Amino acid sequence: MFLDAVLRITGLLVLTVPTLAAECTREGLLAATESYLTAQTSGKVSNLKLSSSNFTYRQNNVVSDITKGLLSTAYKVDLNRSTADTVACASYTMWISTSGSKPYVVSTQIRHANNDTSSISMIDTVAASTGDLFFDAKKTLGYIQKEDWKIIPAEQRPSRELLKKVGDAYLDMWTDAKAADSIPWGTECERVEGSQYTNPCGKTLPRGGSSKNNGMRRYVIDEEMGSVDCQFDSLGAWPDSHEVRVVAGKVKYVHTVTVMKLG
Ligand SMILES: *[C@@H]1O[C@H](CO)[C@@H](O)[C@H](O)[C@H]1NC(C)=O
Ligand SMILES: *[C@@H]1O[C@H](CO)[C@@H](O)[C@H](O)[C@H]1NC(C)=O
Ligand SMILES: *[C@@H]1O[C@H](CO)[C@@H](O)[C@H](O)[C@H]1NC(C)=O
């Protein structure tokens, strides 16, 4: 009582508040994805709360100037969906724009340092457009709109370890002949690669043969959504994002965004 009064008088009350260990929350992560989408639809980077001491912008696997990147142009967003990883304090947002100067299908991972979701330390974007592998934003939109991304009931959620394993096995299929069969494919699994649709997913998979690894792997894992997104360099060369959703222990959806010009 006495101490409190003294501190009040000297204006030092703030010092008596203990510093709580920062916790990364789902709400904080999703709020940051909203701010990112708002910035994108207005083309105004200045509206984002970027860390002043530790911020990196990466577009298509290259560190670059955010003011010269995709966020500096306003795009109308037809569909967006986000997932949240409270352990890595990162989020994943996918958005599709079919109209405007250029159509886009974009995968963005946002990272926060020290569990502080009020400040963004990294925006990591893989942006596919006209000419990229199987690119057709309208077709992609049609497939993705039909997907069911409801939160998975607590007792049915895949573990973080399983999601990481599935994500890694998927990317290992090109170099490891055994990887494809280690993945728990669902019977009604749908794969949307660019705009190319395959059902079931387990059909026509790579079974080794490549000497080039899928490297630079960056993950966002969300047990509540049963999802893992991994951004990487496809066969050591092309910017790529693969998102996999696991429902009832089996792979339900695969969505890929690949920046690769054919021919
Ligand atoms: C960040 O938050 C997560 C989830 O609440 C927690 O597991 C982790 O220990 C926190 N890390 C730090 C550096 O505070
Ligand atoms: C993103 O999607 C949510 C939910 O579907 C929607 O309410 C929101 O308006 C969308 N944001 C943008 C920028 O389109
Ligand atoms: C800077 O941000 C990255 C994430 O983008 C984080 O891994 C790293 O720990 C941060 N560094 C500091 C000094 O906060």
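Here the structure is shown first, and the text comes after it.
Residues numbered from 1 in each chain as written. Chains lettered and ligands numbered in written order. Predicted model: local features only at pLDDT ≥ 70, side-chain atom pairs only at ≥ 80, totals over all residues. Heavy atoms only, no water.

1. Describing the state of the cysteines
1) Next: According to the stated counting rule, one finds 2 disulfides in the structure shown.
2) Next: With its sulfur 2.2 Å from that of its partner, Cys24 forms a disulfide with Cys89. Judged by the sign of its S-S torsion, about 85°, the cystine formed by Cys24 and Cys89 is right-handed. Separated by 65 residues along the polypeptide, Cys24 in the loop between α1 (2-10) and α2 (26-42) and Cys89 in the loop between β3 (79-85) and β4 (90-97) bring together distant segments of the chain. Of the two residues, Cys24 and Cys89, neither departs from the other in class, the shared state being buried.
3) Next: One disulfide bridge connects Cys189 with Cys201, the sulfur atoms lying 1.9 Å from each other. Because the torsion about its S-S bond is -75°, the bridge between Cys189 and Cys201 counts as left-handed. On the criterion of sequence distance, the pair formed by Cys189 in strand β7 (residues 185-193) and Cys201 in the loop between β8 (196-198) and β9 (215-222) is long-range, its members being 12 residues apart.
4) Next: Indicated for the protein is the disulfide connectivity 1-2, 3-4, based on numbering the bonded cysteines in sequence order. (Disulfide = S-S within 2.5 Å. Helix = DSSP H or I, 4+ residues; strand = E, 2+ residues; numbered from the N terminus. Buried < 20%, exposed > 50% of the residue type's maximum accessible area, 1.4 Å probe, protein only.)

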